[in-house]
Amino acid sequence: MLTKLGETDLACLCAQRGYDFAEQAGEHTVLLSLTRSVAHVLLSAGRCADAAELVSDVSSSARFIGDGSSRAHVSVLGTLQLTGAMAAARSRNRALTEKFLSRAGGAAHLLGRDDNLLWTAFGPTNVALHRVSTALELGDFQLAAEIGPKVDPHLLPVERQVRHQLEMARVHHKLDERRSAIGLILEAERIAPEHVHHHPLSRGLVVDWLRCSKRMPGDELTGLARRLNLV
(Lines give C-alpha, C1' and ligand atoms only; values in the text may rest on other atoms or scores of the structure.)
Protein backbone atom coordinates (compact mmCIF):
# COMPACT_ATOMS: atom_id res chain seq x y z
CA MET A 1 0.00 0.00 0.00
CA LEU A 2 2.81 2.41 0.85
CA THR A 3 4.52 1.86 -2.51
CA LYS A 4 1.24 2.62 -4.31
CA LEU A 5 1.00 5.86 -2.35
CA GLY A 6 4.58 6.78 -3.30
CA GLU A 7 5.95 6.39 0.24
CA THR A 8 8.91 4.29 -0.90
CA ASP A 9 11.21 5.08 2.04
CA LEU A 10 8.61 4.08 4.62
CA ALA A 11 7.66 1.02 2.57
CA CYS A 12 11.29 -0.10 2.52
CA LEU A 13 11.52 0.36 6.30
CA CYS A 14 8.37 -1.73 6.86
CA ALA A 15 9.58 -4.49 4.55
CA GLN A 16 12.98 -4.59 6.27
CA ARG A 17 11.43 -4.84 9.74
CA GLY A 18 9.15 -7.63 8.58
CA TYR A 19 12.11 -9.38 6.98
CA ASP A 20 14.08 -9.21 10.25
CA PHE A 21 11.21 -10.70 12.25
CA ALA A 22 10.60 -13.47 9.69
CA GLU A 23 14.31 -14.29 9.65
CA GLN A 24 14.36 -14.59 13.44
CA ALA A 25 11.34 -16.90 13.30
CA GLY A 26 12.79 -19.02 10.49
CA GLU A 27 9.76 -18.39 8.27
CA HIS A 28 11.28 -19.04 4.84
CA THR A 29 8.05 -18.58 2.90
CA VAL A 30 7.34 -15.26 4.59
CA LEU A 31 10.93 -14.18 3.85
CA LEU A 32 10.26 -14.79 0.16
CA SER A 33 7.08 -12.76 0.38
CA LEU A 34 8.93 -9.86 2.01
CA THR A 35 11.62 -10.08 -0.67
CA ARG A 36 8.85 -9.41 -3.17
CA SER A 37 7.88 -6.36 -1.11
CA VAL A 38 11.44 -5.06 -1.26
CA ALA A 39 11.52 -5.67 -5.02
CA HIS A 40 8.31 -3.64 -5.39
CA VAL A 41 9.91 -0.80 -3.45
CA LEU A 42 12.90 -0.88 -5.80
CA LEU A 43 10.55 -0.82 -8.78
CA SER A 44 8.68 2.16 -7.36
CA ALA A 45 12.01 3.96 -6.93
CA GLY A 46 12.91 3.25 -10.57
CA ARG A 47 15.67 0.78 -9.69
CA CYS A 48 14.40 -1.90 -12.07
CA ALA A 49 17.72 -3.64 -12.72
CA ASP A 50 18.37 -3.88 -8.96
CA ALA A 51 14.91 -5.39 -8.43
CA ALA A 52 15.50 -7.98 -11.17
CA GLU A 53 18.90 -8.86 -9.69
CA LEU A 54 17.39 -9.25 -6.22
CA VAL A 55 14.73 -11.65 -7.50
CA SER A 56 17.32 -13.63 -9.44
CA ASP A 57 19.63 -13.95 -6.44
CA VAL A 58 16.87 -14.95 -4.02
CA SER A 59 15.23 -17.35 -6.47
CA SER A 60 18.48 -19.18 -7.10
CA SER A 61 19.00 -19.73 -3.38
CA ALA A 62 15.37 -20.38 -2.44
CA ARG A 63 14.17 -23.81 -1.45
CA PHE A 64 13.50 -25.88 -4.57
CA ILE A 65 9.86 -26.36 -5.52
CA GLY A 66 9.08 -30.03 -5.24
CA ASP A 67 6.46 -32.48 -4.10
CA GLY A 68 7.11 -31.49 -0.49
CA SER A 69 6.60 -27.77 -1.03
CA SER A 70 3.49 -26.24 0.48
CA ARG A 71 1.03 -24.54 -1.85
CA ALA A 72 1.76 -21.26 -0.06
CA HIS A 73 5.49 -21.62 -0.73
CA VAL A 74 4.87 -22.37 -4.42
CA SER A 75 2.52 -19.37 -4.66
CA VAL A 76 4.99 -16.98 -3.06
CA LEU A 77 7.94 -18.18 -5.12
CA GLY A 78 5.81 -18.03 -8.26
CA THR A 79 4.58 -14.51 -7.64
CA LEU A 80 8.15 -13.44 -6.87
CA GLN A 81 9.01 -14.51 -10.42
CA LEU A 82 6.24 -12.26 -11.73
CA THR A 83 7.76 -9.31 -9.89
CA GLY A 84 11.10 -10.22 -11.44
CA ALA A 85 9.49 -10.37 -14.87
CA MET A 86 8.15 -6.84 -14.49
CA ALA A 87 11.54 -5.60 -13.31
CA ALA A 88 13.32 -7.28 -16.21
CA ALA A 89 10.81 -5.95 -18.72
CA ARG A 90 11.25 -2.41 -17.47
CA SER A 91 15.00 -2.95 -17.83
CA ARG A 92 14.34 -4.01 -21.47
CA ASN A 93 15.83 -7.45 -20.80
CA ARG A 94 13.65 -9.75 -22.92
CA ALA A 95 15.55 -12.95 -22.18
CA LEU A 96 15.36 -12.47 -18.41
CA THR A 97 11.71 -11.46 -18.65
CA GLU A 98 10.85 -14.70 -20.42
CA LYS A 99 12.93 -16.69 -17.94
CA PHE A 100 10.97 -15.28 -15.02
CA LEU A 101 7.64 -15.81 -16.80
CA SER A 102 8.59 -19.40 -17.59
CA ARG A 103 9.44 -20.07 -13.94
CA ALA A 104 6.16 -18.50 -12.85
CA GLY A 105 4.28 -20.58 -15.40
CA GLY A 106 5.86 -23.74 -14.02
CA ALA A 107 4.80 -22.82 -10.48
CA ALA A 108 1.26 -22.02 -11.66
CA HIS A 109 1.07 -25.35 -13.48
CA LEU A 110 2.12 -27.11 -10.28
CA LEU A 111 -0.68 -25.38 -8.36
CA GLY A 112 -3.19 -26.18 -11.08
CA ARG A 113 -5.60 -23.35 -10.26
CA ASP A 114 -5.83 -19.74 -9.16
CA ASP A 115 -5.51 -19.14 -5.44
CA ASN A 116 -4.78 -16.32 -3.01
CA LEU A 117 -2.43 -17.96 -0.52
CA LEU A 118 -0.52 -15.39 1.52
CA TRP A 119 -2.32 -12.69 -0.52
CA THR A 120 -0.45 -13.57 -3.71
CA ALA A 121 -3.47 -14.01 -6.03
CA PHE A 122 -1.14 -16.42 -7.81
CA GLY A 123 -2.07 -18.98 -10.42
CA PRO A 124 -2.38 -19.40 -14.20
CA THR A 125 -4.53 -16.27 -14.60
CA ASN A 126 -2.08 -13.98 -12.84
CA VAL A 127 0.73 -15.34 -15.01
CA ALA A 128 -1.39 -14.49 -18.07
CA LEU A 129 -2.00 -10.99 -16.70
CA HIS A 130 1.74 -10.45 -16.35
CA ARG A 131 2.33 -11.58 -19.91
CA VAL A 132 0.16 -8.65 -20.92
CA SER A 133 1.94 -6.27 -18.55
CA THR A 134 5.44 -7.30 -19.62
CA ALA A 135 4.51 -7.09 -23.31
CA LEU A 136 3.39 -3.52 -22.66
CA GLU A 137 6.60 -2.67 -20.82
CA LEU A 138 8.66 -4.08 -23.69
CA GLY A 139 6.76 -1.99 -26.23
CA ASP A 140 4.89 -4.93 -27.76
CA PHE A 141 1.61 -3.04 -27.81
CA GLN A 142 -0.08 -5.10 -30.51
CA LEU A 143 0.76 -8.31 -28.67
CA ALA A 144 -0.66 -6.88 -25.44
CA ALA A 145 -3.80 -5.82 -27.31
CA GLU A 146 -4.14 -9.31 -28.76
CA ILE A 147 -3.70 -11.37 -25.59
CA GLY A 148 -5.20 -8.94 -23.06
CA PRO A 149 -8.90 -9.44 -23.89
CA LYS A 150 -8.46 -13.22 -23.68
CA VAL A 151 -7.62 -13.03 -19.97
CA ASP A 152 -10.55 -13.28 -17.57
CA PRO A 153 -9.49 -11.91 -14.16
CA HIS A 154 -12.89 -12.05 -12.48
CA LEU A 155 -11.98 -14.93 -10.17
CA LEU A 156 -9.03 -12.95 -8.81
CA PRO A 157 -9.18 -10.32 -6.02
CA VAL A 158 -10.57 -6.95 -7.03
CA GLU A 159 -7.11 -5.34 -6.94
CA ARG A 160 -5.89 -7.66 -9.70
CA GLN A 161 -9.07 -7.15 -11.74
CA VAL A 162 -8.65 -3.39 -11.60
CA ARG A 163 -4.94 -3.57 -12.37
CA HIS A 164 -5.73 -5.51 -15.54
CA GLN A 165 -8.28 -2.88 -16.56
CA LEU A 166 -5.71 -0.13 -16.04
CA GLU A 167 -3.06 -2.06 -17.97
CA MET A 168 -5.47 -2.48 -20.88
CA ALA A 169 -6.21 1.24 -20.69
CA ARG A 170 -2.46 1.79 -21.16
CA VAL A 171 -2.53 -0.50 -24.17
CA HIS A 172 -5.32 1.49 -25.82
CA HIS A 173 -3.54 4.73 -24.93
CA LYS A 174 -0.39 3.52 -26.69
CA LEU A 175 -2.50 2.62 -29.73
CA ASP A 176 -4.06 6.14 -29.77
CA GLU A 177 -7.46 4.79 -28.77
CA ARG A 178 -8.21 7.29 -26.02
CA ARG A 179 -11.97 6.76 -25.89
CA SER A 180 -11.54 3.03 -25.26
CA ALA A 181 -8.85 3.74 -22.66
CA ILE A 182 -11.05 6.20 -20.76
CA GLY A 183 -13.91 3.69 -20.88
CA LEU A 184 -11.73 1.05 -19.25
CA ILE A 185 -10.68 3.41 -16.46
CA LEU A 186 -14.30 4.37 -15.83
CA GLU A 187 -15.23 0.69 -15.68
CA ALA A 188 -12.42 0.05 -13.21
CA GLU A 189 -13.57 3.04 -11.17
CA ARG A 190 -17.03 1.52 -10.81
CA ILE A 191 -15.42 -1.62 -9.36
CA ALA A 192 -12.96 0.04 -6.96
CA PRO A 193 -13.12 3.85 -6.98
CA GLU A 194 -10.58 4.48 -4.21
CA HIS A 195 -8.05 2.20 -5.86
CA VAL A 196 -8.38 3.95 -9.22
CA HIS A 197 -8.35 7.44 -7.72
CA HIS A 198 -4.95 6.87 -6.10
CA HIS A 199 -3.25 4.47 -8.50
CA PRO A 200 -0.24 5.88 -10.41
CA LEU A 201 -1.37 4.21 -13.66
CA SER A 202 -4.77 5.89 -13.81
CA ARG A 203 -3.44 9.21 -12.57
CA GLY A 204 -0.56 9.17 -15.05
CA LEU A 205 -2.86 8.47 -18.00
CA VAL A 206 -5.29 11.23 -17.07
CA VAL A 207 -2.45 13.73 -16.60
CA ASP A 208 -1.07 12.84 -20.05
CA TRP A 209 -4.47 13.32 -21.68
CA LEU A 210 -5.02 16.68 -20.00
CA ARG A 211 -1.58 17.92 -21.08
CA CYS A 212 -1.91 16.70 -24.64
CA SER A 213 -5.46 17.88 -25.28
CA LYS A 214 -5.55 20.44 -28.08
CA ARG A 215 -9.08 21.41 -27.13
CA MET A 216 -11.26 21.38 -24.04
CA PRO A 217 -11.44 17.88 -22.55
CA GLY A 218 -14.78 16.12 -22.80
CA ASP A 219 -17.13 15.72 -19.85
CA GLU A 220 -15.99 12.16 -19.12
CA LEU A 221 -12.31 13.09 -18.89
CA THR A 222 -13.01 16.30 -16.97
CA GLY A 223 -15.18 14.47 -14.45
CA LEU A 224 -12.59 11.74 -14.05
CA ALA A 225 -9.82 14.31 -13.52
CA ARG A 226 -11.87 16.02 -10.82
CA ARG A 227 -12.51 12.77 -8.98
CA LEU A 228 -8.75 12.10 -9.10
CA ASN A 229 -8.16 15.64 -7.72
CA LEU A 230 -6.07 16.54 -10.76
CA VAL A 231 -7.97 19.71 -11.61
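A brief structural summary. (Residues numbered from 1 in each chain as written. Predicted model: local features only at pLDDT ≥ 70, side-chain atom pairs only at ≥ 80, totals over all residues. Heavy atoms only, no water.)

Here we look at the environment of Leu117
Here is the rule we go by: Per the convention used, a helix needs a DSSP run of H or I reaching at least four residues, while a strand needs a run of E reaching at least two, with both numbered from the N terminus. Should any heavy atoms of two residues lie within 4.5 Å, those residues are counted as being in contact.
Following the sequence through the fold, Leu117 ends up in the loop between helix H5 (94–111) and helix H6 (124–137). When the C-alpha atoms of Leu117 and Asp57 are compared, they prove to be 23 Å apart, with 60 residues separating the residues in sequence. With residues up to four places along the chain from it excluded, the contact list for Leu117 reads Arg71, Ala72 and Ser75.

Regarding the layout of surface pockets
Rule in force here: We place a 1 Å grid over just the protein atoms. Points where a 1.4 Å probe fits but has no way out form a cavity, open points with protein on both sides within 12 Å along at least 5 of 7 lines form a pocket, and any residue with an atom within 4 Å of a point lines it. Grid points are joined across faces, edges and corners, and a volume is the space filled by probe spheres set on the points.
When its volume is computed, the largest pocket comes out at roughly 1,300 Å³. Around the largest pocket sit 40 residues that line it, and Thr3, Lys4, His40, Glu159 and Arg163 are the ones nearest its centre. Mapped by element, the contributors of at least two residues to the lining of the largest pocket are helix H1 (8–25), helix H2 (28–44), helix H4 (71–90), H6, helix H8 (158–174) and helix H11 (200–212). Sort the elements by how many residues they give to the lining of the largest pocket and H2 lands first, with eight residues.

Concerning the side chain of Thr35
Among the structural elements, Thr35 can be located in helix H2. Those residues in contact with Thr35 that lie beyond four places of it in its chain are Tyr19, Leu54, Val58 and Leu80.

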